Amino acid sequence: MSEAAGRNAIDIRGVRKVFGSGDGQVTALDTVSVSIRENEFFTLLGPSGCGKTTLLRLIAGFEYPTEGAIFLHGEDIAGLPPFKRPVNTVFQSYALFPHLTVAENVAFGLESLGRPRDEITARVSAMLKLVHMEDLGDRRTDQISGGQAQRVALARALAPSPKVLLLDEPLSALDYKLRKEMQIELKRMQHETGITFVFVTHDQEEALTMSDRIAVISKGRILQIGSPSDIYDRPAERFVADFIGESNLLAATVVGSREGTATVRLSSGAEVEASVAEGFVPGGEATVVVRPEHARAVKQGGQLAGIVENVVYFGTDTHIHIKLDDGSAFTVRQQNMRGQSCGFEVGDRAEVEIAADAAQVLKD
Amino acid sequence: MASAAEIARQGRRDEIRSRWLLSAPALIIIFAAAIGPLFVMLLYSFMVRGDYGDVKFWQFSLDGWFSVLFERDIFDDTLQLADAHLSIVWRSIRLSFITTVFTLALGFPTAYFIATRPRHTREIWVFLVTIPFWTNLLIRTFAMQQVIRNEGILNSLLRFSGIIDEPLQIMHTDWAILFGMIYIYLPLMVLPLYASMEKLDFRLIEAGYDLYAGRMRVLRRIIIPLVSPGIIAGSILVFIPSLGAYVIPRVLGGGKNMMLGNLIELQFGAGRNWPLGAALSITLMVLVMLALLVYVRNASRSGVQHG
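Every residue gets a number counted from 1 within its own chain, in the order that chain's sequence is written. The naming scheme follows written order: chains are lettered A onward, ligands numbered 1 onward. Per-residue local features are limited, in this predicted model, to residues with pLDDT of at least 70; the limit for side-chain atom pairs, both in listing and counting, is 80 or more; totals at the level of whole chains, interfaces and linings are taken over all residues.

**Remarks on the interface of chain B and chain A**
In this description, any two residues whose backbone-derived C-beta atoms lie within 7 Å of each other are considered to be in contact. Contacts between chain B and chain A engage 17 residues on the former and 18 residues on the latter. Numbered from the N terminus, helices here are DSSP runs of H or I no shorter than four residues, and strands are runs of E no shorter than two. Within the residue set of the side of chain B that touches chain A, elements represented by two or more residues are α8 (202-210) and α9 (215-243) of chain B. A breakdown of the residues in the side of chain B that touches chain A according to their chemical character gives 10 nonpolar, three polar and four charged. The classification used treats Ala, Val, Leu, Ile, Met, Phe, Trp, Tyr, Cys and Pro as nonpolar, Asp, Glu, Lys and Arg as charged, and all other residues, Gly among them, as polar.

Rendered as structure tokens:
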């Protein structure tokens, strides 16, 4: 397929993966297509069991697709065994070889490729330097900490200069502070090496802070692909809105629609402009999503009205939980000013002002 | 009144005494069942042989040990090496080594196969491997005889399929002993290998493939080093009983192809040379210990320390 070429590092075309047979069949991936650009930090985001790791293993070659094709720089690799793919993996559990030292672990891939001895030595020390482990090359892998093991796993996977680096939830075993550090480290390494990173995580915050683009996966299907702000500001489906960040879901009626936007009438009767996913024409009843920080609680002049049920102070901001007149709940998140309260107390009547271009019509 | 130090000393003495008393049963069993008989055997090997077996008590002689290696010519009294003994020792070592190699070659893929089955079916396979243990060794050996004798299943099949015209003479050769020992000792190789492989983290194998290692390199550089405790345990469990095998060479090897176990039996039975039998037994034990030492040395050199 010649159209697979171009600037894409990986092209996944109509890939299906079914495990088991007969009655025990499980469809892990249901006709997935996605293109990952060269030099991109691409994240597969979804809850556990959604198929994101299966997709990663298909790219690595540990599984073969039931249907479909996988292209690496235009070359179909779906049938190649993992040791013939110029792709390396950082495993969730690191999978460091316990019988080898740190340096021997890093050298393993280069030795498999039959590189000359002095090139291997030079490359191993360069890699250990990249991950700040240059003094620990002689350690056994059970003599280093979890964070260090993580770095060794990275160095080992980067040493053979793969075209694509696959990372399977590599930070999930680290504690919060270390995870934050490694997130920044990973971005730095991706920048320095210029290698395409495909990163699997179930942590939406991690996905938003690190990725160039995100694919949100649920039940074996890719629901939405886009930049972090696309995904956050313009979630296409209810699952995406729910899974990433907090959201207010409002029942609405579509009264008019043009390319990319629609006018919807909310339960209060107010009409607002809402954006619509590309190629989707809403009609009749629809659900509209508004992020808590894209709305304000006001005394009057809002599009929705209700009673303040709870006011929660978070330091940087305050969450105001409002029970709307139609019975549904709406949360507003407001930035705090020094020495100034949010102006509402439990039991107060409040209105909600939705910012312009803050509403998004969901596909489902 | 006793001082505090005295009370403490008394307490410690009581503690030591009770510790000895508590371990006494175990110590008695170890001495009576293991060290004691060995000591008796060592003593017998240094005594003069009795005329109808047994030994002449408290008449010491080095004849027993002497005849392990040498024999005196009955006509001119010249000394020469006991070729028969040496060839039996050599056959024992050689056949045991080959048995170990073959059981390893057969047992390794078997254990790997079992370890890669789904968890609930593994137990069934392990169970199948242990079934031969339910049958007496002698009966299994005679069963093997039925397979390999001239009119046996193997020869019938080979002749029926036209591969050979004349039956292969396997019985009463070293081959027969080998077939028997490989068959009998294979489970002893499979079980420790499986125990090691079951603990193997198969993600490490994926990591190897991911790092461009082909199947042979993954086997050599990842699987074998990681399961080497099982390889060593299995080899010890096969090599040691092979070295002392008695029933298998007796039934399958016939009278000519003796191994150490048969030679020892001969000395205590028809040979009526108990000191020589005792000396040979201790020789066998020393060989076993040497073999163990070599294994342990190799194991620590290849750097297989876990945890």
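Having seen it, we continue.
**Section: the domain arrangement of chain A**
Where each domain begins and ends is defined by an automated method or by a domain database. The domains assigned to chain A are domain 1 (2-233) and domain 2 (246-361). Spacing between the C-alpha centres of domain 1 of chain A and domain 2 of chain A amounts to 39 Å.

**Some thoughts on the sheet that holds strand β17 (residues 317-324) of chain A**
All names here are of chain A. Paired strands, in this sense, are two strands between which DSSP finds at least two bridges. Spatially, β15-β19-β16-β17-β18 is the arrangement adopted by the five strands of the open sheet, whose pairing is antiparallel. Only two strands of the sheet have a single neighbouring strand rather than two, namely β15 (295-298) and β18 (329-335). Direction aside, the axes of adjacent strands within the sheet are offset by 45 degrees on average. Where strand β16 (residues 304-313) and β17 come together, seven bridges link them in antiparallel fashion. Bridge assignment links Val308 to a residue of β17, and that residue is Ile322. Helix axes use the C-alpha atoms of the stretch in contact, all axes being lines fitted to C-alpha atoms, and the angles between their N-to-C directions lie in the range 0 to 180 degrees.

**Considerations on the packing of helix α4 (residues 119-130) of chain B against helix α7 (residues 174-198) of chain B**
Residues and elements named next belong to chain B. For the pair α4 and α7, the least separation of the axes is 9 Å and the interaxial angle reads 155 degrees. Our classification of the angle between α4 and α7 gives roughly antiparallel. When the axes of α4 and α7 are compared, the crossing they make is left-handed. The segment α4 lies against α7, with Val126, Val129 and Thr130 engaging Pro187, Val190, Leu191 and Tyr194. Residues of the contact of α4 with α7, tallied by class, amount to six nonpolar, one polar and no charged. When an angle is under 35 degrees it counts as roughly parallel; over 145 it counts as roughly antiparallel; between 65 and 115 it counts as roughly perpendicular; any other value is oblique. The handedness criterion is simple: a crossing whose near helix is rotated anticlockwise from the far helix by less than a right angle is left-handed, and one whose near helix is rotated clockwise is right-handed.

**Notes on unusual backbone geometry**
Residue and element names in this part refer to chain A. In this structure, Tyr94 takes a positive phi of about 75 degrees despite not being glycine. Of note, Tyr94 is situated in the loop between β6 (87-90) and α2 (102-112). The phi torsion at Glu169 lies on the positive side, around 40 degrees, for a residue other than glycine. Looking at where Glu169 falls in the secondary structure, it is placed in the loop between β7 (164-168) and α5 (176-193). The exposure label follows from counting other C-beta atoms within 10 Å of a residue's C-beta, where the C-beta atoms are placed from the backbone and the thresholds are 20 or more for buried and 12 or fewer for exposed, leaving partly exposed in between. Given 20 C-beta atoms within a 10 Å radius, Glu169 is considered buried.

**Examining helix α1 (residues 52-60) of chain A**
Residue and element names in this part refer to chain A. In terms of burial, α1 is largely enclosed, as nine of its nine residues are buried. Along α1, the residues that are buried comprise Lys52, Thr53, Thr54, Leu55, Leu56, Arg57, Leu58, Ile59 and Ala60. Residue Gly61 follows α1 closely and has a positive phi angle near 105 degrees.

**Observations regarding the confidence of the model for chain B**
A score from 0 to 100, pLDDT tells how confident the predictor is in each residue. Averaged over every residue, the pLDDT of chain B is 89; the share at 70 or more is 96%. Segment residues 303-307 of chain B is flagged for pLDDT under 50; beyond a separation of four residues in sequence, or across chains, it makes seven contacts in the model.

**What about the domain arrangement of chain B?**
All names here are of chain B. Looking at chain B, the domain boundaries give domain 1 (19-81) and domain 2 (83-301). Each partner contributes residues to the interface: domain 1 has 17 residues there, and domain 2 has 14 residues. The set of elements that each furnish at least two residues to the side of domain 1 that touches domain 2 consists of α1 (4-45), β1 (47-49) and α2 (63-69). With five residues, α2 is the single largest residue contributor to the side of domain 1 that touches domain 2. Across the side of domain 1 that touches domain 2, the residue classes break down as nine nonpolar, five polar and three charged.

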